[in-house]
Amino acid sequence: MTRKSQDLGRSTIRDVAARAGVSASTVSRVLGGVYPVSAATRARVMRAVREMDYVADARAKAVAGVGTPTLAFVLEDITGPSFAHMAYGVEREATRLGHLCLVCSTEGDVRHELEFVEMMRAQRAAAVILVGGAADTAEYRERTRRMADSLASAGSRLVLCGRPPLGPGAPVTAIEYDNEGGAYALVAHVLSRGHRRILFLGGKPDHTTAQGRERGCLAALRARGLEPDPALLLHGDFTRDTGHRLMRQALKEGLEFTAVVAATDMVAAGALTALHEAGLDVPGDVSLAGYDDIPFARDLHPALTTVHVPYEELGRLAVRTALERTPESADEHLLLGTHVVVRDSVAALRQ
């Protein structure tokens, strides 16, 4: 046994090869069962495997293109609750269908995303699933189209989950949810309670998810004959700290509003804390709504009115459509519905 494997307390494929008197590649062929090997050689290798109690690493085999097929799941922030639920859906469905799931968190680094996708192409992953919104620019579309073509040339598939499609002919599956429609329905609900001055705490202006939610919000206002006040549109990112900061900013500037619609439940949670710190009651003084319906939204005080997004089903569907694709599904585009979940944080406007 080699010094390294002794130190680790675990036999390696090279240890097995040395015991059987064959090469490591021959051991790999025997264990993978994908190349013809003589009966005598196979018997020697398997005897060495038993004697050394060797266990092949399933992840190493998958990355090497042998054994369990692989799916890759690429997201910007693995700590985001909505992303976590989508990742859970991907992992559960991949496991059910006999695939190993690899997760990459890019932290917004485009180069890291490209490097990971290229690695998955080289390793012939069954599919690569890109999750979450992006800056919808010509550069982004061109870069993503190149990734899609590169994966397709290797027999793989690019799946855009929560991102807009690339256009006709792209070898991509795009799975979205009704982002804009959910925001429209949510603001329509707030308006139905008598509110007219609604503060919107949105995301980054160039982010596709943030853009959809803002469009839905503004469309609902205009449908009621209300012209949106630019002063009541504040932008940041989708975090709790952004919600807290923007809410404190709005209160400090003395903006007039009776309700707040936050672009995510995390933003709403930060806004709720800032309102409580300012001595304001929700929903007695200010109504508040979020977006996503992540689990803790029901445990806030008061429980948060929000938009339910089927994140787990998005993840599961991304896997199924990627693995069950046909030549006719070159630029497949699927859209899931959303709906408003009414809880206690939005009340009728006090006259």
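Above this text sits the structure in question.
Notes on the structure follow. (Residues numbered from 1 in each chain as written. Predicted model: local features only at pLDDT ≥ 70, side-chain atom pairs only at ≥ 80, totals over all residues. Heavy atoms only, no water.)

1. Thoughts on the layout of surface pockets
- Taken as a whole, the largest pocket spans an internal volume of roughly 960 Å³.
- Along the wall of the largest pocket there are 44 residues; nearest its centre are Glu 76, Phe 83, Gly 133, His 207 and Phe 238.
- Within the residue set of the lining of the largest pocket, elements represented by two or more residues are helix H6 (81-96), helix H7 (110-122), helix H8 (138-153), helix H10 (208-223) and helix H12 (265-277).
- No other element matches H6, which puts 4 residues into the lining of the largest pocket.
- In terms of residue class, the lining of the largest pocket is built from 15 nonpolar, 15 polar and 14 charged. (1 Å grid on protein atoms, 1.4 Å probe; cavity = no way out; pocket = protein on both sides within 12 Å on 5 of 7 lines; lining within 4 Å. Points joined across faces, edges and corners; volume = space filled by probe spheres on them. Helix = DSSP H or I, 4+ residues; strand = E, 2+ residues; numbered from the N terminus. Nonpolar A, V, L, I, M, F, W, Y, C, P; charged D, E, K, R; others polar.)

2. Brief notes about the packing of helix H9 (residues 179-192) against H10
- In contact at an axis separation of 7 Å, H9 and H10 are set at 40° when each is read in the N-to-C sense. The angle between H9 and H10 falls in the class oblique. You can see that H9 and H10 cross each other, and the crossing is right-handed. Along its contact with H9, which presents Asn 179, Glu 180, Ala 183, Tyr 184, Val 187, Ala 188 and Leu 191, the element H10 presents Thr 208, Thr 209, Gly 212, Arg 213, Arg 215, Gly 216, Cys 217, Ala 219, Ala 220, Leu 221 and Ala 223.
- Counted by class, the contact of H9 with H10 contains 10 nonpolar, 5 polar and 3 charged residues. (Axes fitted to C-alpha atoms, helices over the stretch in contact; angles between N-to-C directions. Parallel < 35°, antiparallel > 145°, perpendicular 65-115°, else oblique. Left-handed = near helix turned anticlockwise from the far one by under 90°. Contact = heavy atoms within 4.5 Å.)

3. Details of the sheet that holds strand E8 (residues 259-262)
- Pairing in this open sheet of 4 strands is parallel, and the strands run E7-E6-E8-E9 from one edge to the other. Each edge of the open sheet carries a strand with a single partner, namely strand E7 (233-235) and strand E9 (287-289). On average, adjacent strands in this sheet sit at an angle of 15° to one another, irrespective of strand direction.
- Strand direction decides the pairing type here: strand E6 (residues 198-202) and E8, joined by 4 bridges, are parallel. Residue Phe 200 lies in a different strand from E8, and its bridge partner there is Val 261.
- Lying on the sheet, H10 is in contact with E6 and E7; it crosses E6 at an angle near 165°. (Pairing = 2+ DSSP bridges.)

4. Section: the sheet that holds strand E5 (residues 172-177)
- Pairing is parallel across the open sheet formed by 6 strands, whose spatial order is E2-E1-E3-E4-E5-E11. Of all the strands in the sheet, just strand E2 (100-105) and strand E11 (333-336) have a single pairing partner and so form its edges. Within the sheet, the average angular offset between the axes of one strand and its neighbour, ignoring direction, is 20°.
- Bridge count between strand E1 (residues 70-75) and strand E3 (residues 127-131): 4 bridges; the pairing is parallel. Of the residues in E3, the one forming a bridge with Val 74 is Leu 130.
- Against the sheet, helix H13 (residues 311-323) touches E1, E3, strand E4 (158-161), E5 and E11, its axis set at about 160° to E5.

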